[in-house]
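One letter stands for each residue in the lines below.
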Amino acid sequence: MNSVLWVQFCKDKRSPLFILLFIAGSILATLLFAGGVYSPTTVAIFSEEENASEIEKKWESLLNVDNSFKFEIVDPEKARENVKDGNMDVAVMLMETDYRLVATSELPSVSYVQQHVEKVFQREAQISAIAETRGEGDVRSEIESYLADAPFQLETQGLDSEQVPKYNMSTQLLFAFTFLISMFILGLKVNNVTNDKVSGIWDRMILSPMKKTSMYCGYVLYSFLITMFQIIVVLLLFKYVMNYEVGDNLWLVMMIAAFFTFSMISIAMLITGFVRTPEQFYAIYPSLIPLIPLISGAYMMPGTITNPVLLFVADLFPLAHAMEAIMSVIFYDAGLQDVMMSLLFMLLIGVVAMGVGINLIERRSK
Amino acid sequence: MLETINLSKSFKGKKVVQDVNLYLNNGESVGLLGPNGAGKSTTISMISTLIKPTSGEIKLNGVNTIDKPGEIRRISGVVPQELALYQELSAYENLKFFGAIYKMTGKELEKGIQQALEFVGLEARQKDLVKTYSGGMKRRLNIAAALLHQPKILILDEPTVGIDPQSRNHILETVRMLNQKDGTTILYTSHYMEEVEQLCDRLYIMDHGKIIAAGTKAELLSILSTEDTIKVELNKLDETFVEQVKTIEGVRKVEASHLQLKIIATKGSNLISKLVHLAEQHHLQLINFHTETPSLEDVFLQLTGRTLRN
Ligand SMILES: Nc1ncnc2c1ncn2[C@@H]1O[C@H](COP(=O)(O)OP(=O)(O)OP(=O)(O)O)[C@@H](O)[C@H]1O
Ligand SMILES: [Mg+2]
């Protein structure tokens, strides 16, 4: 097993660029799509109604309630142009009581903006509905002061009695992209099994006194270590250099990441069981992997995907479980006990996929 | 020391190796000769325990190797037909890995690596990446990787495919040294008749999954001892002429290529005068002809009706 680890490491040492490029890629993707924490994404707003400036003013103050986005009034022409040229992902066209998004693609950031805007508009709709039925006085301030001091208050508290931090999409995207890249790295490493089988190196190992379990362990462990290396480097970088919010319980987060990595390696092994050549793997794997975060809702606010079929499919892959567990550790201070179910799920997926995968590989070589 | 008994293998119902019986005595050098797709690699994979036979037995000193592959794996080295090497690593690193999987470590491993490199003449280039090697050097390293654990039996599967004559001679010389100096038992697969003729004490000829002839070179040639091989060159060649040559009494086999005819006929069948006569009838001129001493190629042609290499 040690010799397999050593020889795989030698290969990567000879061409470290590959791994480094991947790591750089995941960092870049996170920065690009999630943005820095201290510079909230600016979203252009404009109106083309008759009383445009009035509408713009009203919604500007309502939309800018937290600092995840900065809504800015912009000339309609310019906003449209910016979106068209790709300078901005999205702009919001405002109406008296409604809005339209102006976007050219379905980037994760667009749906995040939409969720925020939708929430604000719905609340306003409710308030004005109440105002209409009551038909008197300053309903808004009444409702607001009522909400601020309601008879029944739902107070969410963390274990350390501090206010629960607000959900941060940047953090979620950080993990989504990091894991996306992890899946590529570990897949390419697992594919070395097929590579070495085709080249005949595998047969040399079979004929040697090395045990078959050691052989498999070598490949699996190497993929695991190199993937964990990538995850840890990226996490530490974002925590200490970019000051991203990754919670205080870094050990538990890494443990969940480790379960995820193992589980996903097993799925890669399962796919390896279905292919004959490394080229087939290269054809299948990279087209499958980007779908997993999409199905698992890793780019969207939790709860966005409601289709039961998609939810079921997502549960078959470890990503959904890992994301859920990590987000609850970071934002809701969940402990080991709380994420145990997710860990067990990933372990189960891992054990089953690994078992079936290795069986298929072995049957293939008969 | 090693023998196979009615060794057979089918892939999806297609018989690829059928009832192969062969044996290797200690210190012998044995060739397994056959055209592409004859089943040589499949036979070798069964002997080296990489694949299980569909039926039949393999015995090493009387012990069935199919149930107990440990011993044969320990004492044999296999040089696969493909280049089973890490192209991205140096020769030294490759050998270090292939030695390590045989549980070699430290000084023993280092000594083994240098010995193997020296044997195939690659010690000067050991730090270079394999992908920068020539085809012949890669082949040599492919052999070195099988020598690290000093096997008693060396099984080589077409170790000279696609390389220049110089590297080829180097490899043949290496194998001969292993056999004659170290007493390594050799099983050598090839579809080059000359190699096996040069290198092996005994050989098996295989075609379509079956052994069609076996013995020493002399024994195999004696198959042809009652025959003559005649090569005739004409100014023109036509089909009907070739057909009629085939009907001449005593002619066993005729092969036409370009303007040449290769004819195998029973000794003393007075072929030449008949040929001259026939050529005259067809208004053809005999430009050249000579009688050849038979080669193993001819044995193969005689046995299968085909030449070895296409
Ligand atoms: N794993 C396999 N599955 C199906 N058919 C196979 C398999 N391996 C070999 N064959 C078939 O068995 C036949 C013999 O193959 P084999 O590789 O043993 O021939 P060979 O004598 O080594 O030929 P070559 O000189 O080309 O190496 C071929 O027709 C090949 O297609
Ligand atoms: Mg072969």
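These numbers were taken from a predicted model, which means no experiment stands behind them.

About the thresholds
Residues numbered from 1 in each chain as written. Chains lettered and ligands numbered in written order. Predicted model: local features only at pLDDT ≥ 70, side-chain atom pairs only at ≥ 80, totals over all residues. Heavy atoms only, no water. Helix = DSSP H or I, 4+ residues; strand = E, 2+ residues; numbered from the N terminus. Buried < 20%, exposed > 50% of the residue type's maximum accessible area, 1.4 Å probe, protein only. Contact = heavy atoms within 4.5 Å. Areas by Shrake-Rupley, 256 points an atom, 1.4 Å probe, with all protein chains shown as cover. Lys, Arg positive; Asp, Glu negative; His and termini not counted. Charge placed at Lys NZ, Arg CZ, Asp CG, Glu CD. Domains from an automatic or database assignment. Buried area = accessible area lost by both parts, 1.4 Å probe. Salt bridge = Lys/Arg side-chain N within 4 Å of Asp/Glu carboxyl O. Polar contact = N/O pair within 3.5 Å; in protein donor to acceptor, adjacent residues only side chain to side chain. Nonpolar A, V, L, I, M, F, W, Y, C, P; charged D, E, K, R; others polar. Axes fitted to C-alpha atoms, helices over the stretch in contact; angles between N-to-C directions. Parallel < 35°, antiparallel > 145°, perpendicular 65-115°, else oblique. Donors = N, O, S within 2.8 Å, 3.2 Å for Na, K, Ca; no water. pLDDT = per-residue confidence, 0-100. Pairing = 2+ DSSP bridges. UniProt positions renumbered as here; feature names shortened; annotations may be inferred. Near = heavy atom within 4 Å.

1. Topic: the overall build of chain B
Then, number 1: Within chain B one finds 11 helices and 14 strands.
Then, number 2: Out of the 310 residues belonging to chain B, those deemed buried represent 50%.
Then, number 3: At a minimum sequence separation of 6, the contacts of chain B that also span at least 24 residues come to 69%.
Then, number 4: Summed over all atoms, the accessible surface of chain B reaches about 14,100 Å², with 50% contributed by carbon and sulfur.
Then, number 5: The average position of the 37 basic charges and that of the 37 acidic charges among the side chains of chain B differ by 6 Å.

2. With respect to the domain arrangement of chain A
Residues and elements named next belong to chain A.
Then, number 1: Domains assigned within chain A are domain 1 (2-35 + 168-365) and domain 2 (41-148).
Then, number 2: Computed over C-alpha atoms, the centres of domain 1 and domain 2 are 39 Å apart.
Then, number 3: Interface area, domain 1 with domain 2, both sides summed: about 550 Å², of which 70% is carbon and sulfur.
Then, number 4: On inspection of domain 1 and its partner domain 2, the count reaches 0 salt bridges.
Then, number 5: Linking domain 1 to domain 2 there are 0 residue pairs in polar contact (both at pLDDT 80 or more).
Then, number 6: Classifying every residue of the side of domain 1 that touches domain 2 by side-chain character gives 6 nonpolar, 1 polar and no charged.

3. A short note on the packing of helix H7 (residues 169-190) of chain A against helix H8 (residues 192-199) of chain A
Residues and elements named next belong to chain A.
Then, number 1: It is at 4 Å that the axes of H7 and H8 come closest, and there the two elements cross at 20°. One element, H7, and the other, H8, form an angle in the roughly parallel class. In this structure, H7 uses Leu188, Lys189 and Val190 to contact H8, whose residues at the interface are Asn192, Val193 and Thr194.

4. Quick look at the side chain of Asn142 of chain B
Then, number 1: As for its position among the elements, Asn142 of chain B is in helix H5 (residues 135-147).
Then, number 2: Judged by its relative accessible area of 0%, Asn142 of chain B falls in the buried class.

5. Brief notes about the coordination of the magnesium ion (ligand 2)
Ideal geometry at a metal centre gives angles of 109.5 degrees when four donors are arranged tetrahedrally and 90 or 180 degrees when six donors are arranged octahedrally.
Residue and element names in this part refer to chain B.
Then, number 1: Summarising the metal site, the magnesium ion (ligand 2) is bound by the protein donors Ser41 (OG) and Gln81 (OE1), whose distances to it range over 1.8 to 2.1 Å. A residue pair is termed long-range when its members are at least 10 positions apart, and Ser41 in helix H1 (residues 40-47) and Gln81 in the loop between strand E6 (76-79) and helix H3 (91-100) qualify at 40 residues.
Then, number 2: Given the relative accessible area of 29%, Gln81 is considered partly exposed.

6. Concerning the domain arrangement of chain B
All names here are of chain B.
Then, number 1: Entries for chain B in the domain assignment read domain 1 (2-215) and domain 2 (223-304).
Then, number 2: Residue-level contacts link 10 residues of domain 1 with 7 residues of domain 2.
Then, number 3: Carbon and sulfur atoms make up 85% of the area that domain 1 and domain 2 hide from each other, which totals about 640 Å².
Then, number 4: When the buried surface of domain 1 facing domain 2 is broken down by residue, Met193, Ile205 and Ile212 rank first, second and third, together holding 56% of it.
Then, number 5: On inspection of domain 1 and its partner domain 2, the count reaches 0 salt bridges.
Then, number 6: Counting across the interface, domain 1 meets domain 2 through 0 residue pairs in polar contact (both at pLDDT 80 or more).
Then, number 7: Of all the elements in the fold, those that place two or more residues in the side of domain 1 that touches domain 2 are helix H7 (193-199), strand E9 (202-207) and strand E10 (210-216).
Then, number 8: The element contributing the most residues to the side of domain 1 that touches domain 2 is E9, with 4 residues.

7. What to know about the confidence of the model for chain A
Close inspection of predicted coordinates is inappropriate in any region flagged by low pLDDT.
Then, number 1: Taken over all residues, the pLDDT of chain A has a mean of 85, while the share at 70 or more is 89%.
Then, number 2: Confidence over residues 160-164 of chain A falls short of pLDDT 50; this stretch has 8 contacts with residues more than four positions distant or in other chains.

8. Quick word on the sheet that holds strand E12 (residues 251-257) of chain B
Residues and elements named next belong to chain B.
Then, number 1: Here we have 4 strands laid out as an open sheet, ordered E12-E13-E11-E14, and antiparallel in their pairing. In this open sheet, the two edge strands, each paired with only one partner strand, are E12 and strand E14 (286-292). Averaged over all neighbouring strand pairs, the angle between strand axes comes to 15°, with direction disregarded.
Then, number 2: Bridge analysis of E12 against strand E13 (residues 260-266) gives 6 bridges, and the strand direction is antiparallel. Each residue of the ladder has a partner; that of Val251, found in E13, is Ala265.
Then, number 3: Sheet contacts for helix H11 (residues 296-304): strand E11 (227-234), E12, E13 and E14; angle to E13, the most-contacted strand, approximately 75°.

9. Focus on the interface of chain B and chain A
Then, number 1: Taken together, the contact between chain B and chain A spans 27 residues of the former and 22 residues of the latter.
Then, number 2: Taken together, the links from chain B to chain A amount to 1 salt bridge.
Then, number 3: Here Arg14 of chain A and Glu93 of chain B are joined by a salt bridge, their closest N and O atoms 2.6 Å apart.
Then, number 4: Where chain B packs against chain A, one counts 6 residue pairs in polar contact (both at pLDDT 80 or more).
Then, number 5: Those elements giving two or more residues to the side of chain B that touches chain A turn out to be E6, H3 and H5 of chain B.
Then, number 6: Broken down by element, the side of chain B that touches chain A gets its largest block of residues, 5 residues, from H3 of chain B.

10. Description of the pattern of salt bridges
Pairs may arise between side chains of opposite charge once their charged atoms sit close together.
Residue and element names in this part refer to chain B.
Then, number 1: Enumeration according to the criterion identifies 16 salt bridges over all chains in this entry.
Then, number 2: Residue Lys40 is joined to Glu158 by a salt bridge in which the shortest nitrogen-to-oxygen separation is 3.3 Å. You can see Lys40 sitting in helix H1 and its partner Glu158 sitting in the loop between strand E7 (153-157) and helix H6 (165-180), a full 118 residues away along the chain.
Then, number 3: Exposure remark for Lys40: the relative accessible area of 3% places this residue in the buried category.
Then, number 4: Judged by its relative accessible area of 5%, Glu158 falls in the buried class.
Then, number 5: Within the structure, one salt-bridge network assembled from shared partners comprises Arg168, Glu194 and Glu195.

11. Section: the UniProt feature "transmembrane region" (unreviewed entry) in chain A
Then, number 1: In the numbering used here, UniProt assigns the "transmembrane region" (unreviewed entry) feature to residues 17-38, 173-190, 219-238, 250-275, 281-302 and 343-361 of chain A.
Then, number 2: Within the segment residues 250-275 of chain A, helix and strand shares are 96% and 0% respectively, and the terminal C-alpha atoms sit 37 Å apart.

12. Looking at the site of ligand 1
Residues and elements named next belong to chain B.
Then, number 1: The local shell around ligand 1 holds 13 residues, among which Gly37, Ser41, Thr42, Gln81 and Glu158 are the closest.
Then, number 2: At a separation of 3.3 Å, an oxygen atom of ligand 1 approaches a polar side-chain atom of Lys14.
Then, number 3: A distance of 2.5 Å separates an oxygen atom of ligand 1 from a polar side-chain atom of Thr42.
Then, number 4: Only strand E2 (14-24) and H1 provide two or more residues apiece to the shell around ligand 1.
Then, number 5: Split into classes, the residues belonging to the shell around ligand 1 amount to 4 nonpolar, 6 polar and 3 charged.

13. Overview of the environment of Phe22 of chain A
All names here are of chain A.
Then, number 1: Relative to the assigned elements, Phe22 resides in helix H2 (residues 17-34).
Then, number 2: Along the primary structure Phe22 and Gln230 are separated by 208 residues, whereas in three dimensions their C-alpha atoms are 8.5 Å apart.
Then, number 3: When near neighbours in sequence (up to four residues on either side) are disregarded, Phe22 contacts Ile181, Phe184, Ile185 and Leu188.

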